[in-house]
Amino acid sequence: MCDRPMACRSGATRRRAAQWLASASVMLAAAGCIFIPSVPDRPPTLAGHPLDNPSAPQAVAVVAVPAPPKTSVIARFSETGEVAKSGAAGALLGGYLGAGLVALAGLAAFPAGPALLPPILGAVAAGGAVGTGAALSTLVPKEDAATIERVAQDVLTQLRLPEAMAEAVAADIRKFSRLDAVVTDFGTGAASPDYRPLRERGFGAAIEVRMKEVGFVGSGADPVMALFVTAEARLVDTATGQPVGLRGLLYMSPQRGIRLWTKDGAALTKEEILRGTNTLAERIVDNLVFRAVGDTAPSDDRFEICGLAPRHPKPQWSGFRLFGSQQPVESLVESVTPLLQWEERIPGPWGTEGAGGGELVYDLRVWSVVDDAPGELVYERVGLAQPQHRVETPLKARSTYFWSVRLRYVEDGRTRVTRWSASNTPIVHLGGQLRNAVYYSHVADGTVQPYPCEAADVYPCRWLDFVPAANYFRFSTP
């Protein structure tokens with residue numbers, strides 16, 4: 001809930017302007033790629049999977065590195081006179097973006113470009129105002145940054161996050177696969193633990209999870225902050241004791257006013273930290289155990305949709321694909337027990353054709369929407385046999401819900417999944433420090449090395465480790 005309506009409306013306007021500016025910046029900076037990101041081919045990301053050997057033990061040991069995550073606030077801090085200077089810089093940047101749009105219109109729409117020139121020239125003048133507004137919202141008072149960092153530190157002392165993430169990883173493996181998974185403290189006291197003795201205890205693989213950082217990224221004199229959680233996971237072959245897979249992961253919440261993060265004993269902060277912990281745990285399993293389909297570049301005709309495409313309600317978007325800013329909007333369903341339908345499977349390289357005809361089932365989730373962000377998971381069905389399902393428990397009337405579905409299948413005796421369905425747009429823009437937290441394995445000379453995530457990789461069907469609120473498909477009940 002918003003505790004200051006006028007401030008929230010103002011903050012929402014600033015956020016929309018900043019999001020537009022960021023999207024335009026990404027578009028202008030993507031050399032040779034105006035419409036969608038260009039993703040290069042990737043080298044193998046796993047040096048063989050230890051569970052692929054049917055004669056190897058098939059249990060997974062999950063080990064939590066006990067070191068607590070650090071806390072931080074990623075924001076610029078306001079000082080006397082800085083706001084005015086930043087506003088001037090923002091106006092120049094806005095004008096630059098407007099001029100860039102004119103140039104792009106001439107290139108992309110030629111010979112129709114001249115016909116589009118008058119409205120775009122108007123956008124140039126507006127660009128200065130947008131740039132000024134966005135720049136003025138980039139400065140955070142130091143005392144507010146200090147307050148929110150103290151809140152994060154206080155919450156972390158109450159939560160045992162490394163252990164919570166390990167438990168969530170093990171639970172997810174057991175829930176969605178035929179594998180057993182157990183959390184163990186084996187080797188947690190060593191700087192470089194040797195996991196080979198775990199093989200004698202029946203574990204074919206170990207997953208080491210590390211919580212790295214919990215903090216906030218924010219902007220504005222009346223700060224609007226997003227909470228983030230970063231983590232690292234390593235997949236280790238217990239036969240050799242060597243890592244065969246690696247992932248650096250990031251979760252980022254929707255933006256909220258600083259007062260919402262601190263009120264009621266920091267209840268929202270606790271809720272989002274736990275949501276981020278569970279979300280990253282699930283993505284660790286998707287990446288390192290189930291090898292989720294989706295870590296390849298989407299084709300031009302499927303770029304908007306990650307995973308299975310919804311059929312009913314049919315997804316709708318607002319905004320423009322050109323800027324990577326179009327966003328799903330709610331579709332009206334027929335009742336409070338709607339029939340949800342989705343495509344049967346993803347064709348070609350995104351799906352299971354040629355996979356050996358193993359078991360095919362679907363997992364469905366529905367969340368409430370609170371302040372345009374995911375709230376409670378109000379409905380879940382696992383292992384659906386058909387690409388449709390009528391909600392069995394009535395939802396609230398005149399309410400909006402997020403929903404998502406994925407395909408789970410068995411290939412050569414191993415569980416595989418697709419990414420959860422979502423919109424790939426709006427494209428997410430991450431600053432350098434947060435983007436550096438996202439990396440994946442690069443197998444070179446038989447060893448696993450971290451490979452950085454590029455700007456063009458950051459969307460739900462590539463290496464983004466969560467579905468942003470703006471990218472969920474949604475429906476509203478009558």
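A few points on the structure. (Residues numbered from 1 in each chain as written. Predicted model: local features only at pLDDT ≥ 70, side-chain atom pairs only at ≥ 80, totals over all residues. Heavy atoms only, no water.)

### Here's the deal with the overall build of the protein chain
Alright, step 1. Regarding its fold elements, the protein chain presents eight helices and 24 strands.
Alright, step 2. Contacts spanning at least 24 positions in sequence make up 76% of the contacts within the protein chain whose residues lie at least 6 apart.
Alright, step 3. If you sum the accessible surface of the protein chain, you get close to 20,800 Å²; carbon and sulfur atoms cover 56% of it. (Helix = DSSP H or I, 4+ residues; strand = E, 2+ residues; numbered from the N terminus. Contact = heavy atoms within 4.5 Å. Areas by Shrake-Rupley, 256 points an atom, 1.4 Å probe, with all protein chains shown as cover.)

### A look at the pattern of salt bridges
Think of it this way: side chains of opposite charge can pair up when their charged atoms draw near.
Alright, step 1. Throughout the structure, instances matching the rule amount to 20 salt bridges.
Alright, step 2. Salt-bridge contacts for Arg 160 lead to Glu 163; the nearest nitrogen and oxygen are separated by 3.9 Å.
Alright, step 3. The exposure class assigned to Arg 160 is exposed, which follows from its relative accessible area of 59%.
Alright, step 4. A relative accessible area of 28% means that Glu 163 is categorised as partly exposed.
Alright, step 5. Among the salt bridges present, the one from Arg 247 reaches Asp 465, with a minimum N-O distance of 2.7 Å. A residue pair is termed long-range when its members are at least 10 positions apart, and Arg 247 in strand β8 (residues 242-252) and Asp 465 in the loop between β23 (447-452) and β24 (473-476) qualify at 218 residues.
Alright, step 6. Using a relative accessible area of 3% as the deciding quantity, one classes Arg 247 as buried.
Alright, step 7. What emerges from the salt-bridge pattern is a single network uniting Lys 175, Glu 282, Arg 365 and Glu 380. (Salt bridge = Lys/Arg side-chain N within 4 Å of Asp/Glu carboxyl O. Buried < 20%, exposed > 50% of the residue type's maximum accessible area, 1.4 Å probe, protein only.)

### Thoughts on the sheet that holds strand β11 (residues 310-312)
Alright, step 1. In spatial order, the strands read β11-β15-β18; together these three strands make up an open sheet with antiparallel pairing. Whereas interior strands pair on both sides, the edge strands pair on one side only; in this sheet they are β11 and β18 (388-390). Mean inter-strand twist for the sheet, computed between neighbouring axes without regard to direction, equals 25°.
Alright, step 2. Pairing analysis gives two bridges linking β11 to strand β15 (residues 339-342), with the strands arranged antiparallel. Bridged to His 312 within β15 is Gln 341. (Pairing = 2+ DSSP bridges. Axes fitted to C-alpha atoms, helices over the stretch in contact; angles between N-to-C directions.)

### Quick notes on the side chain of Arg 283
Alright, step 1. One can find Arg 283 in helix α7 (residues 258-288).
Alright, step 2. Notably, Arg 283 is buried but unbridged: the nearest opposite-charge side chain belongs to Asp 286, and the N-O separation is 4.1 Å. (Lys, Arg positive; Asp, Glu negative; His and termini not counted.)

### Quick look at the environment of Pro 315
Alright, step 1. Of note, Pro 315 is situated in the loop between β11 and β12 (316-318).
Alright, step 2. Considered as a pair, Pro 315 and Ile 305 are 10 residues apart in the sequence and their alpha carbons are 9.6 Å apart.
Alright, step 3. In this view, Pro 315 contacts Pro 310, Ser 331 and Phe 473; residues no more than four positions away in its chain are not counted.

### Some thoughts on unusual backbone geometry
Alright, step 1. Cis geometry marks the peptide bond from His 312 to Pro 313; its omega dihedral reads 0°.
Alright, step 2. Take Pro 313: it is sitting in the loop between β11 and β12.
Alright, step 3. Geometrically, the link from Thr 425 to Pro 426 is a cis peptide bond, its omega value of 5° lying close to zero.
Alright, step 4. Tracing the backbone through its elements, the reader meets Pro 426 in the loop between β21 (422-423) and α8 (432-435).
Alright, step 5. Located in the positive-phi region is Asp 371, a residue other than glycine, with phi close to 50°.
Alright, step 6. Looking at where Asp 371 falls in the secondary structure, it is placed in the loop between β16 (360-370) and β17 (373-384).
Alright, step 7. Assessed through its relative accessible area of 36%, Asp 371 is described here as partly exposed.

### Observations concerning the state of the cysteines
Alright, step 1. All chains considered together, the criterion is met by one disulfide.
Alright, step 2. For Cys 306, the disulfide goes to Cys 461, at an S-S distance of 2.1 Å. Residues Cys 306 and Cys 461 are joined by a disulfide whose S-S torsion is about 80°; by sign, that bridge is right-handed. A residue pair is termed long-range when its members are at least 10 positions apart, and Cys 306 in strand β10 (residues 305-306) and Cys 461 in the loop between β23 and β24 qualify at 155 residues.
Alright, step 3. The buried category is assigned to Cys 306, whose relative accessible area is 0%. (Disulfide = S-S within 2.5 Å.)

### Remarks on the nonpolar core
Alright, step 1. Core analysis: the biggest nonpolar cluster contains 67 residues, and Met 165, Val 169, Ile 173, Ile 207, Val 209 and Ile 284 have the highest contact counts within it.
Alright, step 2. Those elements that place two or more of their residues in this core are β1 (59-64), β2 (70-74), α4 (142-158), α5 (161-176), β6 (203-219), β7 (224-237), β8 and α7.
Alright, step 3. Here the element with the most residues in this core is α7; it accounts for 11 residues.
Alright, step 4. Residues within four places of Ile 284 in sequence aside, it is in contact with Met 165, Val 169, Ile 207, Val 209, Ala 233, Leu 249 and Val 289. (Core = buried A, V, L, I, M, F, W, Y, C linked by side-chain atoms within 4.5 Å.)

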